[in-house]
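# Notes for the structure review
For reference, the chains in residue letters:
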Amino acid sequence: MGASDSLRSIWEDRAALADKPALILCGLKDIASRRKELERWKSALRDVEVREFEDSGHFLAKEAPGRPVGVIRGLMGTS
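The notes below deal with the structure included here. Note that the structure is predicted; figures quoted are calculated from it, not measured.

What follows covers the layout of surface pockets. Empty space within the largest pocket amounts to approximately 990 Å³. For the largest pocket, the lining is made up of 26 residues, of which L7, A32, S33, E37 and W41 are closest to its centre. Breaking the lining of the largest pocket down by element, the ones donating at least two residues are α1 (4-12), β1 (22-27) and α2 (35-44). Looking at the lining of the largest pocket residue by residue, the classes come out as 16 nonpolar, 5 polar and 5 charged.

This is the structure in structure tokens:
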């Protein structure tokens, strides 16, 4: 859908992200970003935490309101 070049660029620059802590929030019903891509990112990042949302797709904030924010707040130690 026109994002291929942008996403490819991020993947090609993944070495710049490899040593940084990362949080991946993944809606498992997302048809644009499948489990294959999630596994690639998990293997490319050394310090990664993954939260999967089985009942959501690409737009987590809209499809699972509050849940992504709760995860981020929990990791930051805020309530």
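Here the narrative resumes, following the displayed structure.
Turning our eyes to something else, we now look at the environment of A18. Mapped onto the secondary structure, A18 falls in the loop between α1 and β1. Counting along the chain gives 32 residues from A18 to V50, while the straight-line C-alpha distance between them is 15 Å. Apart from the residues lying within four places of it in its own chain, the contact partners of A18 are A44, L45, R46 and D47.

Within α2, burial applies to E37, L38 and A44. Along the axis of α2, the buried positions cluster into a sector of 130°, meaning they face one direction only. More than 90 degrees from the buried face of α2, the exposed residues found are K36 and S43. Looking at the buried residues of α2, the elements they touch are α1, β1 and β2 (48-53).

The next subject is a nonpolar patch on the surface. A cluster of nonpolar side chains, namely L23, I72, L75 and M76, defines an oily patch on the protein surface of about 360 Å² accessible area. The element that contributes the greatest number of residues to the nonpolar patch is helix α4 (residues 67-76), accounting for 3 residues. As for its placement among the helices and strands, M76 is situated in helix α4. A relative accessible area of 60% places M76 in the exposed class.

Right, let's get into the packing of aromatic side chains. This model, assessed by the stated rule, comprises 1 aromatic pair. With a centroid separation of 4.9 Å and 90° between ring planes, the pair formed by W11 and W41 is classed as edge-to-face. With a gap of 30 residues between them, W11 in helix α1 and W41 in helix α2 connect regions that are remote in the sequence. For W11, a relative accessible area of 19% gives the class buried. Here R40 stacks its cationic end above the ring of W11, 4.1 Å away from the centre of that ring.

Calculation criteria
- Residues numbered from 1 in each chain as written.
- Predicted model: local features only at pLDDT ≥ 70, side-chain atom pairs only at ≥ 80, totals over all residues.
- Heavy atoms only, no water.
- 1 Å grid on protein atoms, 1.4 Å probe; cavity = no way out; pocket = protein on both sides within 12 Å on 5 of 7 lines; lining within 4 Å.
- Points joined across faces, edges and corners; volume = space filled by probe spheres on them.
- Helix = DSSP H or I, 4+ residues; strand = E, 2+ residues; numbered from the N terminus.
- Nonpolar A, V, L, I, M, F, W, Y, C, P; charged D, E, K, R; others polar.
- Contact = heavy atoms within 4.5 Å.
- Buried < 20%, exposed > 50% of the residue type's maximum accessible area, 1.4 Å probe, protein only.
- Arc of directions from axis to C-beta.
- Patch = residues over 30% accessible without salt bridge, like charges linked within 9 Å, V, L, I, M, F, W, Y side chains within 5 Å.
- Areas by Shrake-Rupley, 256 points an atom, 1.4 Å probe, with all protein chains shown as cover.
- Salt bridge = Lys/Arg side-chain N within 4 Å of Asp/Glu carboxyl O.
- Phe/Tyr/Trp six-rings, centres within 6.5 Å; stacked < 30°, edge-to-face > 60°.
- Lys NZ or Arg CZ within 6 Å of the ring centre and 35° of its normal.

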